[in-house]
Amino acid sequence: MPLALQTTLRRRALFSTVRRFLHTSTKPLCILGIESSADDTCAAVVTSSRNILSNVVIKQNDIHEQYGGINPYVALHAHQRNMPVAIRRALAEAEVTVDDLDGIAFTRGPGMGGGLAACLHSGKAIAAALDLPMVGVHHMQAHALTSFLTATGEADTPQFPFLTLLISGGHTLILLATSNTDFKILATTLRCWEGGSPGGAVERYASQVQEDQKSRANELLQEYFVVPMPGQLAFSYSCLDTQLRRVLERKYGVEGLGAPGGPTKPDEVVEELDDKARCLLAYTVQEAAFNQLEAKLLKALKVCQEQGVENIGQLVVSGGVASNLYLRQRLGKLLEPLGVKQIFPPPHLCTDNAAMIAWASMHRFISENTDPYEIDIRPKWSIEDLNADAVESGVKFERRSGESRKSKFNTGRWWHQPAL
């Protein structure tokens, strides 16, 4: 072994010894989380005592606008450019250095391959350079557990079992959560509209409509926007595209939609309409998307009862669309008569962020079930496979010097129990 490397390892081992000596019995774990599974580049520092020390999000909305959606190649290069900036800002805003970190958490999947690769390689490089353990996190699990991080008391702390409605630009799921690693998929998206959820539809069409237009919108809903696959636990948002096409053709006289030389997407036509028509269609499409969410949610609750799953008194709603305040109002009216309490993370933590990634990894750092440096991304990754994947890839981290980190993770000495 080269002398320079030996010297570096000795210094790091000495520093680790001093650092452990200076730790007190209440010293929580400090985790750097990074996320870039879609079009946001994120970094955050979170402790096991549920303190979000920093939460940096660098968005790419402007650079993707010209493409009408996320361009994977452009997103990858933006992540590579933004990730060092996000990490440096996260450390600075948290007022910590790399020497204060106890582990690195990153999004392993699901998501866009290029974005996940940028996230994984950044996490691996930092962990290897600092001789730290690392954990790859399931993106949707992180959304589902965010409410544990943000809870302010017993009233808004989820109690297992509970239902989780995860709705974002790329995913729509209804899950039954029985622990922080055990999830059963009750409903998912079979057919999607540019991403698999109402995220694209709501972002494109959501708007406020005048009161005198709501009766007209209700007529359109009854005539054209029927909830797809009634009675089934499955989502379809491709139907919104088809239904809107029919409205434009039959009510607004649009011809040649999708024909060569003509507009290819309904939203291209909607943009050319006057403000009143645009608001009407925005309200109608939003109502149709949320009608489907409500219908499938009621079906999921009924199925749980039929399968003997008792005491489901909470619904945790997360994902980007969960920040929609109108959706929150509608779900409240739906669930209150059923005795089901809805729990929402703060709006800024409903969208993609790295704080949720750091928090979702915490139980694995605490139990010393970390990932080897050889793991790869999982662009397609069922949340039902979490436990099997953790057992298969999980390892007890050993320092390069051969010294175990066991004392660092000793639950009686180095941290206090978070509310997982």
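Here's what I pulled together on the structure shown here. Keep in mind it's a predicted model, so treat the numbers as computed, not measured.

## Focus on the overall build of the chain
Part 1 of the argument: When helices and strands are tallied, the chain shows 15 helices and eleven strands.
Part 2 of the argument: The proportion of buried residues among the 420 residues of the chain is 53%.
Part 3 of the argument: Within the chain, residue pairs in contact and separated by at least 24 positions form 74% of the contacts whose partners lie at least 6 positions apart.
Part 4 of the argument: Working note: accessible area of the chain is about 18800 Å², and carbon and sulfur atoms make up 52% of it.

## Quick look at the environment of L130
Part 1 of the argument: Of note, L130 is situated in helix α4 (residues 113-130).
Part 2 of the argument: Here L130 falls in the buried class, since its relative accessible area comes to 16%.
Part 3 of the argument: Once the C-alpha coordinates of L130 and V98 are considered, the two residues, 32 residues apart in sequence, prove to be 7.7 Å apart.

## Details of the pairing of strand β7 (residues 172-177)
Part 1 of the argument: Among the six residues in β7, six count as buried, and that is most of the element.
Part 2 of the argument: Both faces of β7 are covered, namely the face carrying T172, I174 and L176 and the face carrying L173, L175 and A177.
Part 3 of the argument: As defined by bridge partners, strand β6 (residues 162-167) adjoins β7 across six bridges and the pair is classed as antiparallel. Pairing of T164 across the sheet is with L175, part of β7.

## Focus: the sheet that holds strand β1 (residues 30-35)
Across a sheet, strands are paired by hydrogen bonds formed along the backbone, either parallel or antiparallel in direction.
Part 1 of the argument: Pairing is mixed across the open sheet formed by five strands, whose spatial order is β3-β2-β1-β4-β5. Of all strands in the sheet, those with a lone pairing partner are β3 (52-58) and β5 (134-138), marking the two edges. Strand-to-strand twist of the sheet, defined as the mean angle between neighbouring strand axes without regard to direction, takes the value 20°.
Part 2 of the argument: Of the pairings in the sheet, the one linking β1 to strand β4 (residues 103-109) comprises four bridges and is parallel in character. Following the sheet pairing, I34 is matched in β4 by F106.
Part 3 of the argument: The strands that helix α3 (residues 72-94) touches are β1, β2 (41-47) and β3; relative to β2, the one it contacts most, it runs at about 25°.
Part 4 of the argument: Sheet contacts for α4: β1, β4 and β5; angle to β4, the most-contacted strand, approximately 160°.

## Some points on the pairing of β5
Part 1 of the argument: Across the five residues that make up β5, a large majority, five, are buried.
Part 2 of the argument: A two-sided burial pattern is seen for β5, the buried positions comprising M134, G136 and H138 on one face and V135 and V137 on the other.
Part 3 of the argument: Bridge count between β4 and β5: five bridges; the pairing is parallel. Bridged to F106 within β5 is G136.
Part 4 of the argument: Note on the crossover from β4 through α4 to β5: the handedness is right-handed.

## Examining unusual backbone geometry
Part 1 of the argument: A cis amide bond links G109 to the next residue, P110, at an omega of -15°.
Part 2 of the argument: Relative to the helices and strands, P110 is located in the loop between β4 and α4.
Part 3 of the argument: Note the cis peptide between F160 and P161, where omega equals -5°.
Part 4 of the argument: Checked against the element boundaries, P161 lands in the loop between α5 (139-150) and β6.
Part 5 of the argument: The phi dihedral of R50 falls on the positive side, at around 70°, and the residue is not glycine.
Part 6 of the argument: Positionally, R50 belongs in the loop between β2 and β3.

## A short note on helix α10 (residues 275-306)
Helical geometry note: an α-helix holds 3.6 residues per turn, so side chains three or four residues apart project in the same direction.
Part 1 of the argument: The terminal C-alpha atoms of α10 lie 47 Å apart, and with 32 residues this matches the ideal 46 Å at 1.5 Å per residue to within 8%.
Part 2 of the argument: At the N-terminal end of α10, a side-chain oxygen is found 3.1 Å from the backbone nitrogen of K276, two or three residues along, and the residue is D274.
Part 3 of the argument: In the stretch just after α10, G308 is the one whose phi turns positive, near 80°.

## With respect to the nonpolar core
Part 1 of the argument: Ranked by size, the top nonpolar core spans 48 residues in total, and within it L163 and L248 carry the most contacts.
Part 2 of the argument: Per-element tally for this core: the top contributor is α10, with 13 residues.
Part 3 of the argument: Those residues within four positions of L163 in sequence are excluded, and the remaining contacts are L175, L176, L186, L297, A300, L301, C304, I312, Q314, L315 and V316.
Part 4 of the argument: In terms of nonpolar packing, the next biggest core, distinct from the first, is built from 36 residues, L173, F183, V316 and I357 among them.

## Digging into the packing of aromatic side chains
Part 1 of the argument: Scanning the entire structure with this criterion turns up five aromatic pairs.
Part 2 of the argument: For the pair F160 and F162, a centre-to-centre distance of 5.1 Å together with 25° between the ring planes defines the contact as stacked.
Part 3 of the argument: Since its relative accessible area comes to 31%, F160 is described here as partly exposed.
Part 4 of the argument: F162 sits in the buried class, given a relative accessible area of 0%.
Part 5 of the argument: One aromatic cluster in this structure is built from F148, F160 and F162.
Part 6 of the argument: It is R108 that lies over the ring of W381; its NZ or CZ is 5.4 Å from the centre.

## Quick word on the layout of surface pockets
Part 1 of the argument: In this structure, the second largest pocket spans a volume of roughly 230 Å³.
Part 2 of the argument: L301, Q305, I312, L338 and V340 are, among the 13 residues lining the second largest pocket, the residues nearest its centre.
Part 3 of the argument: Partitioning the lining of the second largest pocket into residue classes produces seven nonpolar, four polar and two charged.

## Focus on the packing of helix α7 (residues 214-224) against α10
Part 1 of the argument: Viewed as axis vectors pointing N to C, α7 and α10 meet at an angle of 50°, and their least axial separation amounts to 9 Å. Here α7 is positioned oblique relative to α10, judged by the angle of their axes. Note on packing geometry: the crossing formed by α7 with α10 is right-handed. Of the residues in α10, those touching α7 at K214, R216, A217, L220 and L221 are L280, Y283, T284, E287, A288 and N291.
Part 2 of the argument: In terms of residue class, the contact of α7 with α10 is built from six nonpolar, two polar and three charged.

So, how was this worked out
- Residues numbered from 1 in each chain as written.
- Predicted model: local features only at pLDDT ≥ 70, side-chain atom pairs only at ≥ 80, totals over all residues.
- Heavy atoms only, no water.
- Helix = DSSP H or I, 4+ residues; strand = E, 2+ residues; numbered from the N terminus.
- Buried < 20%, exposed > 50% of the residue type's maximum accessible area, 1.4 Å probe, protein only.
- Contact = heavy atoms within 4.5 Å.
- Areas by Shrake-Rupley, 256 points an atom, 1.4 Å probe, with all protein chains shown as cover.
- Pairing = 2+ DSSP bridges.
- Axes fitted to C-alpha atoms, helices over the stretch in contact; angles between N-to-C directions.
- Right-handed = clockwise from strand over helix to strand, strands pointing away.
- Expected span 1.5 Å × (residues − 1).
- Polar contact = N/O pair within 3.5 Å; in protein donor to acceptor, adjacent residues only side chain to side chain.
- Core = buried A, V, L, I, M, F, W, Y, C linked by side-chain atoms within 4.5 Å.
- Phe/Tyr/Trp six-rings, centres within 6.5 Å; stacked < 30°, edge-to-face > 60°.
- Lys NZ or Arg CZ within 6 Å of the ring centre and 35° of its normal.
- 1 Å grid on protein atoms, 1.4 Å probe; cavity = no way out; pocket = protein on both sides within 12 Å on 5 of 7 lines; lining within 4 Å.
- Points joined across faces, edges and corners; volume = space filled by probe spheres on them.
- Nonpolar A, V, L, I, M, F, W, Y, C, P; charged D, E, K, R; others polar.
- Parallel < 35°, antiparallel > 145°, perpendicular 65-115°, else oblique.
- Left-handed = near helix turned anticlockwise from the far one by under 90°.

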